[in-house]
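Structural description and commentary
Below are the chains, spelled out letter by letter.
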Amino acid sequence: MKSAALALLCSTLFASLAGRLQAADWEPLPPLPEPNGGFVCCTAAGKISILGGTNWNGGVKNWLKAFHECDPSVMRWTHVRDLVSPVAYGLSVQNEPAVEFLGGSDGKAPIRKLLVVNPVETIALEGLELPSAVVLSAGGMVGENIVFAGGTDDAANISGVTNKTFEITREGVRERAVYPGKPFAVAASAVVGDELFVFGGMNYVESTKDVVNSAEAHAFSPAKNAWRKLQPLPAAARGMSAVALDAQHIYLAGGYTSDFTADALIYDVKSDKYIKAKPLPYAAMVALVKLDGFLYCLGGEDRKQSRTNKFFRIPLKDLR
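Quick summary incoming for the structure in this document.

**Looking at the sheet that holds strand β4 (residues 60-71)**
Strand pairing in a sheet is mediated by backbone hydrogen bonds. Such pairs are either parallel or antiparallel. Read from one edge of the open sheet, 4 strands run β2-β3-β4-β5, paired in antiparallel fashion. Pairing within the sheet leaves two strands with one partner each, and these edge strands are β2 (40-44) and β5 (76-82). When the angles between neighbouring strand axes are averaged without regard to direction, this sheet yields 30°.

Dropping the structure here:
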């Protein structure tokens, strides 16, 4: 009898341990060089790059211009250089091996260029003048072109949000089909296949001079120049982050509902459904990047007038 009980106990402990080994938790990593949110974030040459951003000190908002890299093989942050001017709230474009981003603001005016950044210099794409409303926009690289929608001309201009859509081609910038929902900013977006997927965001209500969160979700096809309506989010949210896990699934996490949240969902592109997923390691409007089988969670706005320097990662297979 004792032998049977011992065997059962061992079996239970083994099953529990196996479950833990199979489903890893978020791993804490060396923190960012400083609290930061709104920075440009992407991967380049096997490293994680962050450019600019914002933080707060004594009620004063600071606009940052540092270029930092983290090499996951040694897990250490390196200050590459300072940019000529600050930048925040731009749209990063994954285009190895360079760091590319468009729009954003320097804290005084919108940046109306597509910029290519390397450790030595910053190059502005000549002959390309962006619309002013490329601050807090949604977008990404669809095929060989960049598609973006929504946003405003200043992070503080909540009444200036737009529902216009643009595409950058070899010939320049052209306006495309208008986003079918309300004008928005701070939405989550990811590219899967030949479409740009956009989730949530904030809308401005003229009658109350205030913002409301959105649950709207749509996908844009540049080839068809058309938006299609998706299943709305289970709860309205702004400031979520999105990462395409594969050709069918998008991880959506964080942001602000009635407060900052760590909640996460996985959207299934084929079934047009959401399922609950592994939450973030902390509640915030974070940056998310994917590299070598891991999802990295960086910094973000964790409270009003506050930024965090937290940095975590988790194997992609353990997000579901």
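**Concerning the side chain of T165**
Here T165 shows up in strand β12 (residues 165-169). Residue T165 is classed as buried on the basis of its relative accessible area of 0%. Beyond its immediate chain neighbours, meaning those up to four positions away, T165 contacts V147, F148, A149, R174, E175, R176, A177, V178, Y179, F220 and W227.

**Looking at the packing of aromatic side chains**
In this description, a pair of aromatic rings is defined by centroid distance and the angle of the planes. Taken as a whole and judged by the stated rule, the model has 14 aromatic pairs. For the ring pair Y179 and F184, a centre distance of 4.6 Å and an interplane angle of 50° mean the geometry is tilted. Consider the rings of Y179 and W227, whose centres lie 5.0 Å apart with planes at 90°: the pair is edge-to-face. Here W227 lies in strand β19 (residues 226-229) and Y179 lies in the loop between β13 (172-176) and β14 (188-192), a separation of 48 residues in the sequence. As far as burial versus exposure is concerned, Y179 and W227 are alike and both buried. What links up through ring pairs into an aromatic cluster is the set W77, F294, Y296 and F311. Over the ring of F294 we find R313; its NZ or CZ atom is 4.0 Å from the centre of that ring.

**A few points about the sheet that holds strand β20 (residues 241-244)**
The strand order across the open sheet built from 4 strands is β20-β21-β22-β23, with neighbouring strands paired in antiparallel fashion. Only two strands of the sheet have a single neighbouring strand rather than two, namely β20 and β23 (273-276). Pairwise comparison of adjacent strand axes, ignoring direction, gives a mean angle of 25° for this sheet. Pairing of β20 with strand β21 (residues 249-253) involves 4 bridges; the strand directions are antiparallel. Looking at β21, one finds that V243 is bridged to Y251.

Rules and cut-offs
Residues numbered from 1 in each chain as written. Predicted model: local features only at pLDDT ≥ 70, side-chain atom pairs only at ≥ 80, totals over all residues. Heavy atoms only, no water. Pairing = 2+ DSSP bridges. Helix = DSSP H or I, 4+ residues; strand = E, 2+ residues; numbered from the N terminus. Axes fitted to C-alpha atoms, helices over the stretch in contact; angles between N-to-C directions. Buried < 20%, exposed > 50% of the residue type's maximum accessible area, 1.4 Å probe, protein only. Contact = heavy atoms within 4.5 Å. Phe/Tyr/Trp six-rings, centres within 6.5 Å; stacked < 30°, edge-to-face > 60°. Lys NZ or Arg CZ within 6 Å of the ring centre and 35° of its normal.

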